[in-house]
Amino acid sequence: MNNIISTTPIPKCEPVKSYGPETTERKEALMEYDKLMNKVTDIPMWIDGKNIKSKRIKNISPPHNHKQIVGKYYEGDKKHINAAIEAALKRKKKWEEMAWEDRASIFLKAADLLAGPYRQKMNAATMIGQSKNIFQAEIDAACELIDFLKFNVKFMREIYTGQPESSSGIWNKMEYRPLEGFVFAITPFNFTSIAANLCIAPALMGNTIVWKPSESQIYSTKVIIDLLKEAGLPDGVINVIYTDPIMTSDIVFKHPEFAGVHFTGSTTVFKNIWKTIGQNINIYKNYPKIVGETGGKDFILAHNSANTKEVVTALIRGAFEYQGQKCSAASRAYLPKSKWKMIQKELLKELKTISIGDPKDFSNFMNAVIHEQSFNKLRNVINKVKKDKSAKIIFGGNTDKSVGYFIEPTVIITKKKDYFTLQQELFGPILTIYIYNDTEFDKTLKLINHTSEYGLTGAIFAKNRDVISAALKELRFSAGNFYINDKPTGAVVSQQPFGGGRASGTNDKAGSYLNLIRWTSPRTIKENFVPATNYRYDFLKK
Ligand code: NAD
């Protein structure tokens, strides 16, 4: 044992590299991309520190080039799910008893490995497996994940230093124990960093994990595993299985040692998870922690005092970066009648310059949507709108899946306040615009607040401060992340802790101490220096 009362390295957000022409990072990223595209990567499960293969082999293809095979993964069954749970439980005691500085060192090392030798491996895998352009990969798979790894350590120490008062003769302490049992991480396809963080955050706090990634993010999962192995993560702390989601939930949610679920994904799936846990509540040794960040129907509201170019840039970046497949993506916009003509002209002019295709070609602003199921769903929505009299497509609407799952940035305009594309999360490059009368700004605030069931992100563009204040007030519960004169996407760890309420999730704010605290079960310890020796209080005296 040592006597160090340590601080932790002061983290700074990882600078985003530019990938401009002739930069070293651009050459390195392209080299790694080509290297990966020219081989077939073997991706076993990872249980108790061992690579586990099964007889059921599945191919992985890039969404932008679905005929090419770049990876093979091994699908697991019930015995793999049970083995992952057993491994997590077996490792638990040793991991939770490890000094917190040692746990922290592993993840800090992972952060530095990712900032250095793993950066382009992680970026290229995300570009290929999830069809992100280099900039989208860099802000997610490199920078955001590095920030999670570094800032989580800072937040952990801050939590541990939170100690109660002690009155005279007494010493009170708070011990932030991990949860009793194992944590189940269920992760989405759209952010490599979120997928990793859903395991890393509870693991850092001393928990052991069963991780079931999205089938569409397994290619970059391999790089996360390699990174954690190299950083020295002990066997069995994080156990990765590629198993059917329903079968996995069925086994995990019936286990008495199930201690918590860290979920990000769609609202319907999360509601089902919550319901199942509720139905099984008598099975568990503890009340499981349920943390889930889910869907959004995120808005941009422009006032007539806003600057046209600023609004148009936010609409394009907010709605169409990563093909609109961000939970925070702007998918509905409320624009003032007096400015609409100007905004429309600028928007259409800019949209015409956008090219879509393979992320290898750096001139492509947009790439493919994640898989055929998503492509078909989005194409059906577009076809429905095309036939509908209450809405009109003013840009895009074309789709092509001959080589990859490509969908044009599509802009719909409607006069119907509750048109389905203003209400439902579509999760693709589709933006719906509603034009309001300038005199009805206050009414429009109310409309935004009540149009959808979600409460994730939203933005107001205005120069007029009274208008900004009114929006902040009226839209207080419409967005867990609210932006003033900025697009509603691109939250940065430690700067804009992320999450929303209503149907968007439990709002446990990834990228802040608020998330980490959910993975603890604090124990209060009171020590009495001079215990009483007589039960009689003074008030009993005659
Ligand atoms: P999804 O709900 O289809 O899948 C998420 C995960 O749940 C996957 O691992 C999947 O295999 C698993 N799953 C699917 N059905 C299941 C079931 N019946 N039981 C248990 N697990 C099941 O979501 P997705 O398509 O991967 O991601 C997109 C969704 O995630 C969008 O709704 C988006 O808004 C949301 N999202 C939210 C945030 C946020 O922070 N709020 C961030 C990213 C993504």
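Below, the structure is looked at part by part. (Residues numbered from 1 in each chain as written. Predicted model: local features only at pLDDT ≥ 70, side-chain atom pairs only at ≥ 80, totals over all residues. Heavy atoms only, no water.)

A few points about the overall build of the protein
And step 1. Across its full length, the protein holds 16 helices and 23 strands.
And step 2. Since a compact globule built from 542 residues should have a radius of gyration of about 24 Å, the 25 Å found for the protein is in line with a globular shape.
And step 3. Going through the 542 residues of the protein one by one, you find that 56% of them count as buried.
And step 4. Pairs at least 24 apart in sequence give 77% of the contacts found in the protein among residues at least 6 apart.
And step 5. Considering the protein, the positive charge centre built from 76 side chains and the negative charge centre built from 55 side chains are found 4 Å apart. (Helix = DSSP H or I, 4+ residues; strand = E, 2+ residues; numbered from the N terminus. Rg over C-alpha atoms; globule rule 2.2 N^0.38 Å. Buried < 20%, exposed > 50% of the residue type's maximum accessible area, 1.4 Å probe, protein only. Contact = heavy atoms within 4.5 Å. Lys, Arg positive; Asp, Glu negative; His and termini not counted. Charge placed at Lys NZ, Arg CZ, Asp CG, Glu CD.)

What to know about a nonpolar patch on the surface
And step 1. Taken together, the side chains of Y535, Y537, F539 and L540 define a hydrophobic patch exposed on the protein surface, amounting to about 570 Å² of accessible area.
And step 2. Along the chain, F539 turns up in the segment after β23 (520-528).
And step 3. Take F539: its relative accessible area is 66%, and that puts it in the exposed class. (Patch = residues over 30% accessible without salt bridge, like charges linked within 9 Å, V, L, I, M, F, W, Y side chains within 5 Å. Areas by Shrake-Rupley, 256 points an atom, 1.4 Å probe, with all protein chains shown as cover. Salt bridge = Lys/Arg side-chain N within 4 Å of Asp/Glu carboxyl O.)

Here we look at the site of the ligand
And step 1. Around the ligand, the surrounding shell holds 25 residues, and the nearest of these are T187, K212, S266, T294 and E425.
And step 2. Note that an oxygen atom of the ligand is positioned 2.7 Å from one of the backbone N or O atoms of T187.
And step 3. Within the backbone of T294, an N or O atom sits 2.8 Å from a nitrogen atom of the ligand.
And step 4. Taken by itself the ligand offers 840 Å² of open surface, and the protein chains cover 85% of this.
And step 5. Elements with a contribution of two residues or more to the shell around the ligand: α8 (245-252) and β10 (258-264).
And step 6. Top element by residues in the shell around the ligand is α8. It accounts for 3 residues.
And step 7. For the shell around the ligand, the class distribution of residues is 13 nonpolar, 9 polar and 3 charged. (Near = heavy atom within 4 Å. Polar contact = N/O pair within 3.5 Å; in protein donor to acceptor, adjacent residues only side chain to side chain. Nonpolar A, V, L, I, M, F, W, Y, C, P; charged D, E, K, R; others polar.)

Looking at the environment of P188
And step 1. The topology assignment puts P188 in the loop between β7 (182-186) and α6 (192-204).
And step 2. Its relative accessible area of 10% is what places P188 among the buried residues.
And step 3. For the pair P188 and T24, spaced 164 residues apart in the sequence, the C-alpha separation amounts to 31 Å.

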